[in-house]
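Coordinate inspection notes
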Amino acid sequence: MINNQTNLVEQSPFAPLRIGEIELGFPVVQAALSGYSDMSMRVMARRFGASYAICEVMLDQFLVAFKDRSKNRHFLAIADEEHPVGGQLMGAEPIQFAAGAVKLVEAGYDVIDINFGCPVKKVLGRCRGGFHLSQPEVALEIVARTRDATPPEIPVTVKMRRGIDDTAESRDNFFRILDGAFDLGVAAITVHGRTVQQRYIGPSRWEFLRDVKEHVGDKTILGSGDLFTAQDCFDMMRQTGIDGVTVARGAIGNPWIFQQARALYAGQPLPPPPTVFEQREVIQEHMRIADELYGEKRGLGHMRKFGIKYSFLHPDLELVRSKFTKMRTLEDWYAIRDEHYCEDRPGNYLNPQVHAGTAEC
């Protein structure tokens, strides 16, 4: 693993990334991922070189009613080593957003991120996430109330998709929200190159990100969508002129993407994919953190889905994935480890096709 404070900006053609007054430097960060980007995943991403990571999206209503009990304490857990860290909010009512932001600040999050991008059907049906792209007035009231409720030294950011769909009205709404949010004081906006209607189907339209960056000038824009390799991250930045990228599905079970991106950022050759022994070491460390966060029983359930994602890098992908789907006990993990992680062999780079259908918010 590498020190996440390593500064390679001087050797890179890309400008250092900033979010408000927070100097990140390295412009490749980990996105919020519903059901995944808890403290355990964020810590692994930071250790491998991500300069910043965002927690899985949390509902404003949940935060307002939050009780600090052992069964739900993990939702707001932050490790000392992962600062700066972002907390992402989703909801329907502007007042609730503001109250939720206060809770995230109290929990210790360094940035408050507003989700206007989630395309999941049940989320849209409750007027949350990407639904707000259809109602600029409400979206901007949410931004205004959240910014007002958050201490001035804490940056507020926004996550958007390029619109509800590809109609002219949707494009107008997008730019109205984009411009209005910056006018209200947001520090950065992340733009996903798909529409809400697209969900995760079809390519992300990177050329739209170029249009957005040209439109906003020196304001900070991060890009998202179809970032599955280290090279993808820099291709997106070069092709669009954006200031940084947020890696979502490409980072699940693959913290090495940040290490690989750091190497390219420094002008070095792409490192080889992690070997089987390197994968084993990281899975065991991820499992240790999850056990401390959730307890053994819940931690194992949590690690089953991560184990499936880690298996995508194993040379025997299909066989190892099938074993992780059946993992229920610590003994099951030992059996998988002793059978499939006992001989060191070259691993694989992530194949983007294996993440088809995986949701990100």
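The structure displayed is predicted, hence computed values, not measured ones. (Residues numbered from 1 in each chain as written. Predicted model: local features only at pLDDT ≥ 70, side-chain atom pairs only at ≥ 80, totals over all residues. Heavy atoms only, no water.)

Focus on the overall build of the chain
For clarity, the cut-off: Only DSSP runs of H or I reaching four residues or more are called helices, and only runs of E reaching two or more are called strands; each is numbered from the N terminus. Radius of gyration here uses only the C-alpha atoms, and the compact-globule reference equals 2.2 Å multiplied by the residue count raised to the power 0.38. Residue burial is assigned from relative accessible area. The probe radius is 1.4 Å, only protein chains are included, and a residue is buried under 20% of its type maximum, exposed over 50%, and partly exposed in between. Only the protein chains shown count as cover for residues, and the accessible areas themselves come from Shrake-Rupley with a 1.4 Å probe. As used throughout, the charge tally considers Lys and Arg to be positive and Asp and Glu to be negative, leaving His and the chain termini uncounted. Charge placement uses NZ in Lys and CZ in Arg. For Asp and Glu, CG and CD serve respectively.
A count of helical and extended segments in the chain gives 13 helices and 11 strands. Relative to the globule expectation of 21 Å for 361 residues, the C-alpha radius of gyration of the chain, 20 Å, shows essentially globular dimensions. The principal-axis extent of the C-alpha atoms belonging to the chain is close to 55 × 45 × 35 Å. When burial is assessed residue by residue, the chain has 58% of its 361 residues classed as buried. Roughly 14600 Å² of accessible area belongs to the chain as shown, and the carbon and sulfur atoms make up 50% of that amount. Within the chain, the 47 negative side-chain charges are centred at a point lying 6 Å from the centre of the 42 positive side-chain charges.

Some remarks on the pairing of strand β11 (residues 244-247)
Heads up, the rule is: Strands were regarded as paired on the criterion that DSSP finds at least two bridges between them.
Neither face of β11 is exposed, since G244 and T246 on one face and V245 and V247 on the opposite face are all buried. Across two bridges, strand β10 (residues 220-224) lies against β11 in parallel orientation. In the strand pairing of β11, G223 is matched with V245.

Let's talk about the UniProt feature "active site" (unreviewed entry) in the chain
Condition: UniProt positions are given in the numbering used here, feature names are shortened, and annotations may be inferred rather than shown by experiment.
UniProt marks C118 with the feature "active site" (unreviewed entry), using the numbering shown here. Note that C118 resides in the loop between β7 (111-116) and α4 (121-125).

Remarks on the packing of helix α11 (residues 296-310) against helix α12 (residues 317-325)
Basically, it comes down to this: For helices, the fitted line uses only the C-alpha atoms of the stretch in contact; every axis is such a line through C-alpha atoms, and the angle between N-to-C directions lies from 0 to 180 degrees. When an angle is under 35 degrees it counts as roughly parallel; over 145 it counts as roughly antiparallel; between 65 and 115 it counts as roughly perpendicular; any other value is oblique. Here, two residues are considered to be in contact whenever any of their heavy atoms come within 4.5 Å of each other. Note on residue categories: nonpolar means Ala, Val, Leu, Ile, Met, Phe, Trp, Tyr, Cys or Pro, charged means Asp, Glu, Lys or Arg, and polar means any other residue, Gly included.
Where α11 contacts α12, the two axes come as close as 8 Å, and the packing angle between them is 175°. Comparing their axes, α12 and α11 come out roughly antiparallel. Residues R304, G307 and I308 of α11 form the contact with α12, whose own contacting residues are R321, F324 and T325. For the contact of α11 with α12, the class distribution of residues is two nonpolar, two polar and two charged.

Considering helix α13 (residues 330-340)
Counted only if it meets this: Directions pointing from the helix axis toward each C-beta atom define the arc.
Of all the residues in α13, the buried ones are L330, W333, I336 and H340. An end-on view of α13 places all buried positions within 120° of arc, on one side of the element.

Some words on the UniProt feature "binding site: FMN" (unreviewed entry) in the chain
Those places that UniProt annotates as "binding site: FMN" (unreviewed entry) correspond, in this numbering, to Q88, K159, H192, A248 and R249. By relative accessible area, which is 5% here, A248 ends up buried. Following the sequence through the fold, R249 ends up in the loop between β11 and α9 (256-265).

Focus on helix α3 (residues 94-107)
Keep this limit in mind: A helix is expected to span 1.5 Å for every residue after the first.
Its 14 residues give α3 an end-to-end C-alpha distance of 20 Å, which sits within 8% of 20 Å, the value for a rise of 1.5 Å per residue. The complete set of buried residues in α3 reads P94, F97, A98, G100, A101 and L104. Viewed along the axis of α3, the buried residues span an arc of 165°, placing them on a single side of the element. Along α3, exposed side chains directed more than 90 degrees from the buried face belong to I95 and E106.

Some words on the pairing of strand β2 (residues 22-25)
Bridge count between strand β1 (residues 17-19) and β2: three bridges; the pairing is antiparallel. Within β2, the residue paired with I19 across the bridge is I22. The antiparallel hairpin formed by β1 and β2 contains two residues in its connecting segment, where G20 sits at a positive phi of about 65°.

A look at the nonpolar core
Defined as follows: To define a nonpolar core, start from buried Ala, Val, Leu, Ile, Met, Phe, Trp, Tyr and Cys residues and group those joined through side-chain atoms within 4.5 Å.
Membership of the largest hydrophobic core comes to 97 residues, with the highest contact counts inside it found for V28, F116, L178 and I189. Among the elements that take part in this core, helix α10 (residues 276-294) stands out by supplying eight residues, more than any other. Once residues within four sequence positions are removed from consideration, L178 is found in contact with M160, I189, V212, H215, V216 and I221. If you look at the next biggest cluster of nonpolar residues, it comprises 12 residues, including Y52, I54, A187 and L222.

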